[in-house]
Amino acid sequence: MFEYKSFYLDNPIVIGRAIDIFEPTEITKDTALFIVHGGGWRAGSRGGLHKIVWAFREKGYIVASTDYRLYAKDAFEQLTDIREAYDLFVFFLKKNNRPLKIAVYGESAGAHLASLLAYTEPNQLGEQNNLVNEWVKPECALLQSTPIDFCYREDINEIIWKDMQSIAGVDYQTNKQVYEKLSLKNHINKTNPRTFFMEAEIEDLFPGEHTKMVVDKHRQMGIDSQWKVYPQMEHGFFYEFIREQQRIALEDACLFMDGKLKTE
């Protein structure tokens, strides 16, 4: 039996704007971890990644798992939700006299939102945020199956393209600038946190070579980002720790947060 704390961002409660925080029996890590679930932007929940949360908690990390409004008008509203949840996590760490050294993790749609959280500043994309604390930039990011480009390409999966258009909230042909704003490729610069891209060998939605280009750019800027492909793993594989490559990915994630992972 164990306990965790749930916090809601609003009174009265707004469904989807909530965060769970797990504290280990003994805190052995200075880094805290903030997790954003995936699910095509319109599905999933913070509880869906509690197995991951538990695994990191067992290793001595304070871990938060956030929701966001699945019924949101667009990804900008969802980014507001996770940025304000992250701000609440900052408040929790400050209240408990913990270091404000935070890693963010996301997979698939969650990787997209987590990457925008990490690579942009509050309100930079036009979203409206109500933050209590001074913005604390994530120290690092761990991203699995990450969409780098939100624009149409000929080889894009038709189902995921429908999901992307839904969460962009506007027509692509007449509002391409919105899709460009949602593209991580347009927010790569020397202020980005170091990032670990965890790629599946059997990736059918977001090609891993796209994130390899981000790492190459980061390294040219002096940012110590890392990139690794996990054999025989599929899109969104990092949700439990039954298979060997899942367990290896967990150890790699911990090494990266500790600044000890070198993939090449």
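Here is a short report on the structure shown in this document. (Residues numbered from 1 in each chain as written. Predicted model: local features only at pLDDT ≥ 70, side-chain atom pairs only at ≥ 80, totals over all residues. Heavy atoms only, no water.)

**Here we look at the overall build of the protein**
Cut-off, in case you're wondering: Helix and strand assignments come from DSSP, with helices taken as H or I runs of at least 4 residues and strands as E runs of at least 2, each series counted from the N terminus. Burial classification: accessible surface area is computed with a 1.4 Å probe over protein chains only, and a residue below 20% of its type maximum counts as buried, one above 50% as exposed, and the rest as partly exposed. Note on contacts: a residue pair qualifies if any of its non-hydrogen atoms lie within 4.5 Å across the two residues. To be clear on the numbers: accessible area is Shrake-Rupley with a 1.4 Å probe, and residue cover counts the displayed protein chains and nothing else.
Counting secondary structure elements, the protein contains seven helices and eight strands. A principal-axis box enclosing the C-alpha atoms of the protein has dimensions of 50 × 45 × 35 Å. Going through the 264 residues of the protein one by one, you find that 56% of them count as buried. The contacts in the protein between residues at least 6 apart in sequence include a share of 75% that link residues at least 24 apart. For the protein, the exposed surface amounts to about 11,800 Å²; the carbon and sulfur share of it is 50%.

**Overview of the pattern of salt bridges**
What counts here: Put simply, a salt bridge is a Lys or Arg side-chain nitrogen that is within 4 Å of an Asp or Glu carboxyl oxygen.
Scanning the entire structure with this criterion turns up 22 salt bridges. A salt bridge links aspartate 81 to arginine 17; the nearest nitrogen and oxygen atoms lie 2.9 Å apart. Of this pair, aspartate 81 sits in helix H2 (residues 75-95) while arginine 17 sits in the loop between strand E1 (5-8) and strand E2 (18-22), and the two are 64 residues apart along the sequence. Since its relative accessible area comes to 0%, aspartate 81 is described here as buried. Salt bridges sharing common partners tie together Asp10, Arg17, Arg69, Glu77, Asp81 and Glu84.

**Let's talk about the nonpolar core**
In globular proteins that are soluble, nonpolar side chains generally tend to be buried together. The following threshold applies: Residues belong to one nonpolar core when they are buried, are Ala, Val, Leu, Ile, Met, Phe, Trp, Tyr or Cys, and are joined through side-chain atoms within 4.5 Å.
One finds Phe34, Trp41, Tyr86 and Phe89 to be the most contacted residues of the largest nonpolar core, which totals 56 residues. Top element by residues in this core is H2. It accounts for 11 residues. Counting residues in each nonpolar core, the second largest holds 29 residues, with Met198, Phe241, Cys254 and Leu261 among its members.

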